[in-house]
Each structure stands twice: as C-alpha cells, then as structure tokens.
2 protein chains.
Amino acid sequence: MRLLFLLPPVMVAALGGSLSVSAQTAAPQRIYSGAPVTGRTQYIDPRIGSEGLGRVFIGPSCPFGMVKPSPDCTESPNSGWLPLPEQVNGFAQTHVSGTGGGPKYGNILVMPSTGGLDCLQPIAHRRWETILPGYYATEFEENGLQTEITTAQRASFYRFTYPADSLKTLLFDCGFYLGRQPVPDGREAQQFVGSEIQVLSDHEVCGYSRIRGGWNNGRAYTVYFFAETDVPFTDFITFKDGRTSHEAAQYDSQQPTGAVVRFPASARQVQLKIGISFLSSLKARQNAREGIPHWSFSDTHRDVLQQWETLLERIDIAPDTPVAQRRMFYTGLYHTMLMPVDRSGENPLWVDPVPYYDDFYAIWDTYRTSTPLITLIDPRRETDIVRSLINIWKRDGYLPDARSGNCNGRTQGGSNAEIVIADAFVKGLDGIDYEQGLQAMLKDATVPPGGNEEAEGRGGLVPYLQLGYIPYGIPRAGNRTIEYSFCDYAIATVAKGLGKEELAQRYLRQSGNWKNLWRADYEHEGVKGFILPRDAQGRWLDRVPYGHSEVQRPTFVYTPVTFEGPWYTPWWDMFFYEASSWEYSLSIPHDVPGLIGQCGGEEAFDHRLDTFFDKGFFNVNNEPSFLSPCLYHWIGRPDKSSDRVLAIIDRHYNDSPSGLPGNDDSGAMSSWLAFHMTGLYPNAGHDYYLIHTPVLTATTFHLTEGKDFTIRAEGLSAKNRYIQSATLNGQDYPCSTLRHADLTAGGTLVLKMGPKPGHWGTKLFN
Amino acid sequence: MRLLFLLPPVMVAALGGSLSVSAQTAAPQRIYSGAPVTGRTQYIDPRIGSEGLGRVFIGPSCPFGMVKPSPDCTESPNSGWLPLPEQVNGFAQTHVSGTGGGPKYGNILVMPSTGGLDCLQPIAHRRWETILPGYYATEFEENGLQTEITTAQRASFYRFTYPADSLKTLLFDCGFYLGRQPVPDGREAQQFVGSEIQVLSDHEVCGYSRIRGGWNNGRAYTVYFFAETDVPFTDFITFKDGRTSHEAAQYDSQQPTGAVVRFPASARQVQLKIGISFLSSLKARQNAREGIPHWSFSDTHRDVLQQWETLLERIDIAPDTPVAQRRMFYTGLYHTMLMPVDRSGENPLWVDPVPYYDDFYAIWDTYRTSTPLITLIDPRRETDIVRSLINIWKRDGYLPDARSGNCNGRTQGGSNAEIVIADAFVKGLDGIDYEQGLQAMLKDATVPPGGNEEAEGRGGLVPYLQLGYIPYGIPRAGNRTIEYSFCDYAIATVAKGLGKEELAQRYLRQSGNWKNLWRADYEHEGVKGFILPRDAQGRWLDRVPYGHSEVQRPTFVYTPVTFEGPWYTPWWDMFFYEASSWEYSLSIPHDVPGLIGQCGGEEAFDHRLDTFFDKGFFNVNNEPSFLSPCLYHWIGRPDKSSDRVLAIIDRHYNDSPSGLPGNDDSGAMSSWLAFHMTGLYPNAGHDYYLIHTPVLTATTFHLTEGKDFTIRAEGLSAKNRYIQSATLNGQDYPCSTLRHADLTAGGTLVLKMGPKPGHWGTKLFN
C-alpha cells in the first residue's frame, strides 16, 4: 500500500517558513509519501547543525546506517548537502556527518531529470526541501520534478514524481564523488580509480565506483550498487568517459561510467531501490531486497522511524520540556548514532565472526562523549563497536584513531581508541576480550608506526619513550605528548583491572609525561605554567621554526595563544592540533589534581579557569576543551561548572540549522550537548559522571535489564540554577560525581535547586 | 579452424618415456590440439626445475602473463603442480613460479568431471601429462577425460575431451586457493575472505574469489573471472558453503561458492575461455574476448608461442649447441620472464598513465640477475617495470622489496628495489624519472617503516643510522646491515649521476657500514674476519639469545657456519636470512676491493675463496652467494672464477625436472644460469659484466636499434676451458669486464680458449 497525502500539519510546523511556493511555474502540490513522524522521533530535526560549521548529514539514515542518501550540492561539501539556492548534482548514497577536511564518499549518484538520454549532467535547483528523520524531499525549480527519499540500513528508497508532460529519465553516475580537486592527487582529495555500470534488465542496473584518498588519504574503496525500479525502462544508454553507447555494460577501464534510463511518458511516479555493498553488486542486490522486501515507500519510512524511536525511548525527558529543548536533546542523540557505520558482513578485507564497523571519523573527536553516550543508550552496540576496533587491530595491525573506506587514518593526536577500550572496561561492558584489547593498546604504545604514522599508531613514539615528551619539530608534538599520557593512563587502567600490576605501574608513571612539557615559570595573562614547545635537548623554545625550506629558516614567536602557523605550514604540522596552549594546558582529563598542582593550587586554578573563559581562550568548537567547563568540579565548585556549561549552551547551541558551534564530528558536539542537558557529564576512560545543573528538569535512562535511572532537578528554573543538595535513592548525596555502577543499578538522583550556589558538591567522591 | 591431430614427433621426444598408456581402461588416443612448437621456443621445457626445490610453474603462460593456469595437485604446493601420481583438484588460473614459504594464489579453480551436478569436489589422478611452452595436457585415470590448456595474456583457454558414454560436467570453484591451513590465520597462510558465482546464461559463468595472506601476509586481493563455453549447458547448480541450489547466483556472504554445469551427452569436446581480472568480472569478460577473439585453441597456442619466440630471438646461440644446453639456456630465459606480472590497466588501487606490475616475488632474489637479463633482452619492458616500481612508491608510500596481491611485502633483507633503479640508471634506460626514483630510494633510506617493516622499507633503520650497523636482536641484523650498505651505494650512484654530489658522498660513506659488523680478528677454518653479531654497545657476541620467552633465556654459540636457530625461532628472526656468515661475509658486491682489504689482501682472499668452495660453505641455492664464484676476478684470476662457475653448473644444473638447485624464485636461479652460459655475468647496480669461460661457444644479443653483440669462444671444449686472450671488435681486450655501453654499441668479443690458465684478465678494467 502506498500512502500519498499532502504534508501533515506536524510537518508544516517543522518546516518553518519555507513553504511559500514560487509562482513562476505551475508546480504540483508538495507530495509527502512518508509515514507519520510521531513519538520522540518527531523531535529529531536533521537540519540542526547542518549550516555553518556543523556540517551534519541531513538525509535519511538508519542508526549507524550504511546507506546515507542525500542531495549532493556541488562536489565540495563534506556532507553532500548545501543550503538553497545551491545547485543539486544528484543524490549519492554514501555520506558522512559533521566532518571537516577533505570530503569522503558521495558515491553512486542518481539524478532524475526531464532531459533526454544524452543529458549526462542534469543539474537542478531546489524550490523547497522537506527534511525529516528518515525522509527527504525536494522539488526542482526547473521542471517541478519531486524527489522523495527514505532508507533502510543498506538500501535507499527513492520516489520520483515527474511532471505530466515531460521526458522522464534517470541518471546513474558512477563517476561522481565528493572532494574532487583540480590536482587529482592533492592531499585529502578523493581520487577516481575505476567504475562500472551494467543495465541488467528493463528495471535493474548495477555497477560500482572505486575511489581512493579523501581526508584519511585512504586506500581505494569500492561502493557497489544494485538498483531496481517499479516502472520498466523504455530505453537506456550507458556511457564511459562522456561517450555514450547502446551497450548494456561498460566494463571498468578506470574511467567514469554511468547510464541514463528512460521511463514511459505515462509514468508519473517511479520508485527506485538502491542497495549498496562494499563486497559486490550481487550483495548489494541482496541488501536491497532484504532491506526493502516490498515497494511501499511509507512502510520503509515507518521502519526507519521505528528504529530511531526504539533508541530514543531509552531516554525519557520531562513531559513539560519546551519543544526547542526536546529538539536539541533528541537530535543530539540522533546525531550521535549516525556513525560509526555498521558494516558487519560487508568487510572486503577479512572475515571473522566479529562485528565490523567503519567510519570512525574520528575517535579523537568522539571518544570523549559519543562513546559514553552510546554506552548508556545501547551498551550492546558499544560492545560490538569495541569488538570491531580490537578486530581491526588483530587483522590490520593497529587500532584506528580514525578509519573510513576500510582504511585506518588519519591520526589527529594520539591513539585514542585506547580510551574507548578503557571506557568499556571501567563500565563493565561484557563480551569483549580485554586481554586482546590490552595487546592492541600496547601495540600503539610500543611499536612506532614509522612512515605510516599519519594512518595509525603513535607518531613520535620513539622520542616520547626516550625523552618523556615529543620534541618540537615532530608534527603535533604538544598534543601528542598530552594525549599519549592520557592513553598511557588508559593502558594502566586496563592492565590494573586485569591484575597486571607491574605493567599498570609502568604506564601510570608514563601517564605523567605531560608534565615534561609543562613550562612552569612561563606567565601569560597573569597565569603561570603552560604546555609549550621544547627541543630534544630539553630547551624551551620562545621562537620556533616552521616548515622545511632549505633556504629560508625563519622563526616565529610561539606563545600560549598561538593557534596557526604561517600560511605555507600545514596545520597538522603545528605544535598543537587545532588549538592553542591555553586550551591544551587544561586538557589533562586523567590527572586533574596533578594539573591543579602544576597550576599552583586550587586558587590559582580557579583564577586560571576564570581567565580562560572570560578572556575568550576557551574554544567551544574543539574537542580538547570538552571537559574544561567542568574542571571547577575538582576545586569543589560545581556551581561554577554549571554556570559555564549553561552559558555555553545558551550562547552556542540552539535548534536551528546553525545550532552547532563547530563540526559535529559524527556526533561529538551533539553528544557533548546531550550529556550536559541531563546534568551528567562523563570523563571518558573513568567510571564516573560529573553532576551539574541540568537543562532538563528530569531525565530517565531506561537501562538494560529493565532498570531505570532518573535525574530530577526539583525547582529548576532560570533563577533556581544552583544545586543546593542532592539525594540518591532518598539518601543525602553530597558529592559531585555519580559512579557508572550506581547509575546502571537504577535509582533516582534528586537535585534540589536554588537561586544561589550552596555548599553541595565540595568534594568529588564519597 | 580447429586443428586436431595426434601428438607430433617433436613432442614425443620432449615427453621422454611417459607415453606408456595404462591398459586398465580403454583410453582415447592422446589428443594434441596445440600448434607446432618450433624455433627457439621448442627448447623451452617448463618441466626443468619443476621438481625438487625448483618449484617452477609448469603451466602455459605468456611472457609476464597475468593468467597462469595449471593443475592444482592438493592445496599445498607453491606452483600448484606436483609430480604424478599426486591427485589433481582442478585447474586454477593464477600461480607464481619458483617461490618458497607460504603459497599465494591458486584462484578460480575449474575441474571437468564425469560426476553428477552434486559432485562438488571431483578429485582425479593423471595418467600422463604433456607439458610444453604455452600448452598443458593430461588425461585422468579414473575416466579417461582429457584436458588441454593454453593461454592468452589475461585469459586461459581449455579444451576438455570427455569420454563418449559419460556425464559431462564442469566445476567452477571460487572457494579454492593454495596455502589453506588448519589455523586459518596462521602466518603465511592464505585466508578466505569472500567469493561469488553467477551463471549468466547457458554458456557464461562469472564470479570472484577474495583471499588475503600468503607468504607476504598481504591484504585481501580479488580475482574476478568470466568464463564462456562453446557448448551450451543443459543444466547447472550453484553452491555456497557446500549447500547446492538452483539459483543462478550466489551472492557474497563471505563463504566459498561455486557452480557445476552440465553439457549434453552428445558433446565430446567442450572448449572454455576464462578471462581473469583484478577489477571486475566485466573486465574479465573483456580480457577473455580481447585476448581470445575466436574459438581456435591452436591459434591461441600459436599466439603465445609467437610471443615467446619474439623474445627468445633476441639471443641466438651457436648452431652446434647441444640440445641439453639449448634447453637449459632458453628455458632459463623463459623462467626469467614469467614474472613480475604485467597488470597494467588492472590495478584496483589507483589509476595512473604508468604501467603496473605485480608479483615481485621477491626483488631480493631477482635484482642480481633477472633484472639485468630482462634489461638485455627487452629494455623497454625493464623500463616499464622500473616505472611501475617508482609509481608504487608514489602511491603506496614505499618501493616494494617484494609484492604480490597488490600489496607490498615481505621484506627479506633490505630495500633492493633501490638496486633495480640504480641498475636501470647506470645502463641508461630511457623514459624513467630518476629524480622521482631517487626520492623513492631516499624514502627507504630515511623513513623507518615502523610496525610495517615486514611489508616494506628498511626495518632496523634507526639503529642502522645511529650505530652504523644493526645490533643483534633486531631480526636479520646481519644481512640487513650488509644489504642496506649496498642499497646506500645504489643511492650514491644515482645521486652522483644526477649531479647531487653532497648526497652522493654521504651515501657513499654510509655504504661502508658493512665494515662495522666485520669482526676482523675472528678466525674460522684458517680464515680471518667475518661479519658477526654485535650488540648495541658495540660488543661482539660469541653466544646469542634466541626468542622472546620471559622465563627461559638460553643462549647459543654463534659461529660463521651457524645457519639456523633452535626450532622455536622463526628463521626470519635470525642474524642472517637463509644463509651463514661464511656466505654473507663474501656478499659485498659494491665494494669487493674493500672486502679484499678486510680479508687481509689478495692472497688471503684467494685462500678464503678456495676454502669457501672446497669446504662446502658455498650454498648454490641461495642468492646472496650469486656473485661469489666470480670474486676471483677481483684478484686477477678469472680462470678460477670460470672453474668455479663451470663446476657449479655441471654439478647443480641440468635440463631435467630437478635441474635447478634451489627455489627458482621467479627466475633468479635460471637467469644466473643463463648469464653464466654466455660467459658474461652482471654485477647489478654496476655498468659492467664480468667475462669468464662460457658454456656456449657463441652467443649473439640482438639489441634494440638493430645492433648485435656477439661473444665467441674460439676453440672452447672441455679441455680448452681457459681464456688465453680476447679481442673486442678485433682489438686486443685484456681486461676481464665488459662495459654495458660497449655491449649495447654492438660488436664482437672473441675469447681465445686454451687448455691452461693464461695471463688474460689480470685486471678488471682498462
């Protein structure tokens, strides 16, 4: 059964003012073939964070879904999509969400048009768009052609409504991909390797696109597809490198290929399923037919909505939560579960009875908040993800710090999959071989990746082990030193838990290595002590050289606010990755007490934090500072943490398309927000959450085994924004952290709110 | 037109005594559908070196051919084939020649049988075999079924003659591969990743096999195929993981798949083409149809014979050469040109307008003699090979020391592609970007491969650069130090030639690093000075530890004859790779004068060489000793070199199946032999050949641009085995080396032979 009705009222609200229809052509009414969007899922708005820096994926996707169809508006944007009035090149089946740097994917483009069979690049413009969870629709200005999209896990479902009196054609383009550059082997450019197309029958097309490069400079990956329509083609052409042919197949001669098919003039609506696979087009056919075993667009949409609802149901929020907050919260959860991508059974590299996930993009971004959030919502999923990480080490040699296109890379700072494993370990996730996990972590910590250090492992490991820090000159010496210290702490954590006391002690000692870059007497803006560049001889560097020229050897002043080098210096070659010393000098999540000591004690630390936020050294859109607003907890001032958190949310987050302050980085920003809205914030790799003033008056986690944990902020208002006291299961609860085990045991945490900071939370732990 | 005739007389001679036909079944006459084998090609006998250690590939192959069909006799042997009476599992399309270690390839097995459609593993035994260049035939004892095989560059051609009164079926098995092990991820085991099969019509089948691992522990590679028969199928089944089905396709669920097709009872003969490809089965179809655009088995065979003849014509030998010597010589050339494999346009990893070669297996083996021989026979081919090596560096990051399945690995000793580049450079091969080549070489020499050192680059580079040698404990410390020294010399050679004097000087200095492992006062068997283990503190080690146990720390005496460690130690972890200090201490091809100095002067060196050969420390079947028999040249005694060379050939080489003394290593042993038979022997990376007593009385190289160079040994006989004097183009030629430029200029080198060593050749160079 196909449901075809005009846009329901709930959608109109969601669409805001964009419903005004241009009068210049007689357009059909706006079609809506999707299912009703109800429950918590109605508060998902995929547009939040889609504009500005957020770069989230706006198309339909299942949780951790392999297929991510979206309009591709030029070959430039990371997520494919750009706001109106940018052109649409078509709809590709694979995208990522919230990324920066060179784009990845954008494979297997389809494009309906009213052009002839020789129209190989039909570009169009959107008159309007409908963007809903699991659903996308648009109408082309040029011809009134409407496209609707929904999706299963591994297959897209399209519904094209052509104008009555027109040619009706559909392009399949295996030569399209995002991130094409004039210099094809430019750094981070995706590069074409090969493609193939085959018209199999009067309603079936298959083929593939093979691409390499992109942000991770990865090896070639191949996206296979199988497409079928519910209306037979009356004619078709195939093409290769721009030359058309009536041959049904274009074999791979490492050139772009495609096909254009035509539907009968009588066909107003054409439905199209596209299965994709990383193994073969037969597997893609299987994925299409298994994922969508019928021709009902609305049933397919209903199914993806149900998948999201099942996950969103795990966290309930107060019934009186304002809509904007509901939208921010549930969309935050949604963004967190778009990636990594479940590709179990789709691994072209090895076969193992272990789940396979790809598109860790990047763990450096997601380990802090996305990982702990998935663990709370869906611990079995996180177990699968961790097992897949360890399996990647087993088969590929190293844990990924990031991975896409079945290829490890790039490393940003450290080897943060180690913290993901430690986080699973301290939270007691079952079904993971932690002995193997420890081996994988130790590989990072002991075997230099050599010439491959941009892809995996710990670059600069040799001097890190010899000197206890990475000397200036090795790219990202500053944050690598800091992050390896934290990763060493993660190793110590797991080793200790597994009873390997000596190993644990060794790595615990090593986890203090960040102090070796602490320049204690360096003063800036009234604050003393910063992580700063040091050379291999132990000398602190006030001026640093940049770049490699044999002729010019300029040096530049390096200070705690230095962020970028001269224009000719790649930013990944800097002392710190994407941030300044002000930020990184506060980014020691595994030893905040030690950090406070280095800073000169609690009072100095308090002053330092105030300076950091008040003078604008805090950078909201970068992950190394994620924990910084809550550092006041460690000096007994959760009220100040709360003030900072609430102010950041208030200023930088909202439920509009520009509602995320930085690249969402496959959910990193969104999960940071979602946690803070509940009043709990994790310190990844540790078994506790920091408690602070929530945005939501009540949150209930529906945990596995039927247990619930509720946080209720009694009396919370704009005025009553300070926690006066707390009870856990009715007992007084004076400390400002909650153990993960106390949360998963079920219960209720009541926060009594008041207008002024009280004395609650002066210590972190009982 | 199909030619069908009984085996011609020339073949009967080649087959020796194996023609006796078992009487137990009424077998058909031995069919021969190939073309006549004439010209120089008739002296190719693919069986030479097929038994014992040689392990050469015996099936039909074009020069550098991508398809290499052969019977697979169990899953164990490296080349697929084993001598009668071993079973035949079928005929796979991909093999390598002469390799050791874990097998690679053996993909896409076909097997004709008289079993039913449910006969998924029809094993048979051979009654006889015919093995000729470009042709293979056998008859199965069980049913009299005859199989003939010939091949194009990228497609195999089969002709099956079924018994009259039988079922007639053909198995396509995508689950077969060589080197399967009970522990699937055992080191060097090939591991199954996935497969697919599809019966496309009543005469077409396609699919693929995806495998990883093998000797180089490589990433997954995929062999696609497309097969078509000239007789339609009457029925078929497909299967997956042993379960049969009437579905035409079995998609990839990472399990073994296949199909069995049946031919009509009336069909006595069925012909089958199988194209293979590393891109797709459509490309495999293209390869089949382009490579064999007809159904003539004999025309296909004629074509492959012609390809070989065109190459063998480049070297003529004296008309009165005995048949056994002709067979040894031309089969030597043949073996040298089986690999690497030309996969231009078949690279699934990147696309570049540069040739692509795979199956460098391994350059460590082939750089010494195969590379120089190909350069002499077909310099354009060698140019393509070198360009492909440099392109692999550009795209994959490192030059291969070995490569197969589109993946670098393993390194044996050093980074010997550097010597291949230097050899091309000193011999003036055009069309190579040597500036890029130098960059590639410098990558090896400056960027440690880290955890990836088993795949590529110079393992142990950091201590090599710091200490000037690799200390004991790092695998293969001994030969790596020696080989890196030689590779450094290759860098110096190219750098100097490109006018980079300072760089050249630096690497020339570094090329003396082998001396840092020279233990000058160590005496063994009356000889002083050996390359021996040294620790990082500079201490010489008389006893060395083996292995990594934390509990047991046994040490073992290490002497110049130590070859293998205790059973629990992998041989690639030893101090030397596959050889003793006696051998490696003489393996300094880039500084023989320096070596003579270390050894105590010419007299001591002479004595040392005599001891080396007379006491059996020389190992004929290992490449590090390839140059050793000619080292007498450097002390003015080419007569002694000649004696050693001729004795080695006489004792260890012949034209029988056991005619090669060690793994042929894709032609390494064979090209060593072929060079020495001519009386010239190259020192790879240098622009000269050593002149010694040939086996052949005359050899003419037909060079490019119409020039010929002839070596004639006047009066050569078993008695007249010493060069008395020589002339080059009529001028007296007293020195014992010939410059490559003098050879390629064309001309005649006459060696006047006599019964006693004379005074010719007391110096190497003019």
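This structure is a prediction, so every number in the text was calculated from the model and none was measured.

Procedures and definitions
- Residues numbered from 1 in each chain as written.
- Chains lettered and ligands numbered in written order.
- Predicted model: local features only at pLDDT ≥ 70, side-chain atom pairs only at ≥ 80, totals over all residues.
- Heavy atoms only, no water.
- Least-squares fit on C-alpha atoms with pLDDT ≥ 70 in both.
- Helix = DSSP H or I, 4+ residues; strand = E, 2+ residues; numbered from the N terminus.
- Expected span 1.5 Å × (residues − 1).
- Buried < 20%, exposed > 50% of the residue type's maximum accessible area, 1.4 Å probe, protein only.
- Axes fitted to C-alpha atoms, helices over the stretch in contact; angles between N-to-C directions.
- Parallel < 35°, antiparallel > 145°, perpendicular 65-115°, else oblique.
- Left-handed = near helix turned anticlockwise from the far one by under 90°.
- Contact = heavy atoms within 4.5 Å.
- Buried area = accessible area lost by both parts, 1.4 Å probe.
- Salt bridge = Lys/Arg side-chain N within 4 Å of Asp/Glu carboxyl O.
- Polar contact = N/O pair within 3.5 Å; in protein donor to acceptor, adjacent residues only side chain to side chain.
- Nonpolar A, V, L, I, M, F, W, Y, C, P; charged D, E, K, R; others polar.
- Phe/Tyr/Trp six-rings, centres within 6.5 Å; stacked < 30°, edge-to-face > 60°.
- Lys NZ or Arg CZ within 6 Å of the ring centre and 35° of its normal.

Time to look at the relation of the copies chain A and chain B. With an RMSD of 0.0 Å, the operation that places chain A on chain B is a rotation of 180° combined with a shift of 0.0 Å along the axis. The symmetry that links the two subunits is that of a two-fold axis. Considering only C-alpha atoms, the part of chain A nearest the rotation axis is Gly450 of chain A, at 1.8 Å.

Attention now goes to helix α3 (residues 297-312) of chain B. Counted at 1.5 Å a residue, the expected span for α3 of chain B with its 16 residues is 22 Å, and the 23 Å between its end C-alpha atoms agrees. Those residues of α3 of chain B lying buried are Phe297, Ser298, Thr300, His301, Val304, Leu305, Trp308, Glu309, Leu311 and Leu312 of chain B.

Residue and element names in this part refer to chain B. Two numbers describe how helix α16 (residues 638-652) lies on helix α17 (residues 668-678): the axes approach to 11 Å, and their chain directions differ by 125°. Compared by their axis directions, α16 and α17 come out oblique. Read as a crossing pair, α16 and α17 show a hand that is left-handed. The segment α16 lies against α17, with Val645, Ile648 and Ile649 engaging Trp672, Leu673 and His676.

Our focus in this paragraph is the interface of chain A and chain B. Across the boundary between the two partners, chain A contributes 40 residues, which contact 40 residues of chain B. Looking at the side of chain A facing chain B, the largest losses of area belong to Tyr251, Gln254 and Leu282 of chain A, adding up to 19% of the total buried there. There are zero salt bridges connecting chain A and chain B. Seen at the junction of chain A and chain B, the total is 17 residue pairs in polar contact (both at pLDDT 80 or more). Of all the secondary structure elements, the ones that give two or more residues to the side of chain A that touches chain B are β12 (190-199), β13 (204-213), β14 (218-229), β17 (249-250), α2 (281-291) and α7 (379-396) of chain A. Counted by class, the side of chain A that touches chain B contains 18 nonpolar, eleven polar and eleven charged residues.

On to the packing of aromatic side chains, then. Here the structure, examined in full by the defined rule, presents 82 aromatic pairs over all chains. With a centroid separation of 5.2 Å and an interplanar angle of 70°, the aromatic rings of Tyr105 of chain A and Tyr221 of chain A are classed as edge-to-face. In this pair, Tyr105 of chain A is assigned in the loop between β5 (90-92) and β6 (109-113) and Tyr221 of chain A in strand β14, connecting sequence segments 116 residues apart. Here Phe612 of chain A and Phe613 of chain A contribute two aromatic rings whose centre-to-centre distance is 5.0 Å and whose plane-to-plane angle is 70°, an arrangement assigned as edge-to-face. In this structure Phe612 of chain A comes out as buried when scored by relative accessible area, which is 0%. The exposure class assigned to Phe613 of chain A is buried, which follows from its relative accessible area of 12%. Put simply, the rings of Phe91, Tyr136, Phe140, Tyr158, Phe160, Tyr162, Phe233 and Phe263 of chain A touch in pairs and so form one group of aromatic residues. Just above the ring of Trp364 of chain B sits the side chain of Arg368 of chain B; from NZ or CZ to the centre is 5.3 Å. For Arg608 of chain B, the ring lying beneath its charged end belongs to Phe530 of chain B, and the centroid distance is 4.5 Å.

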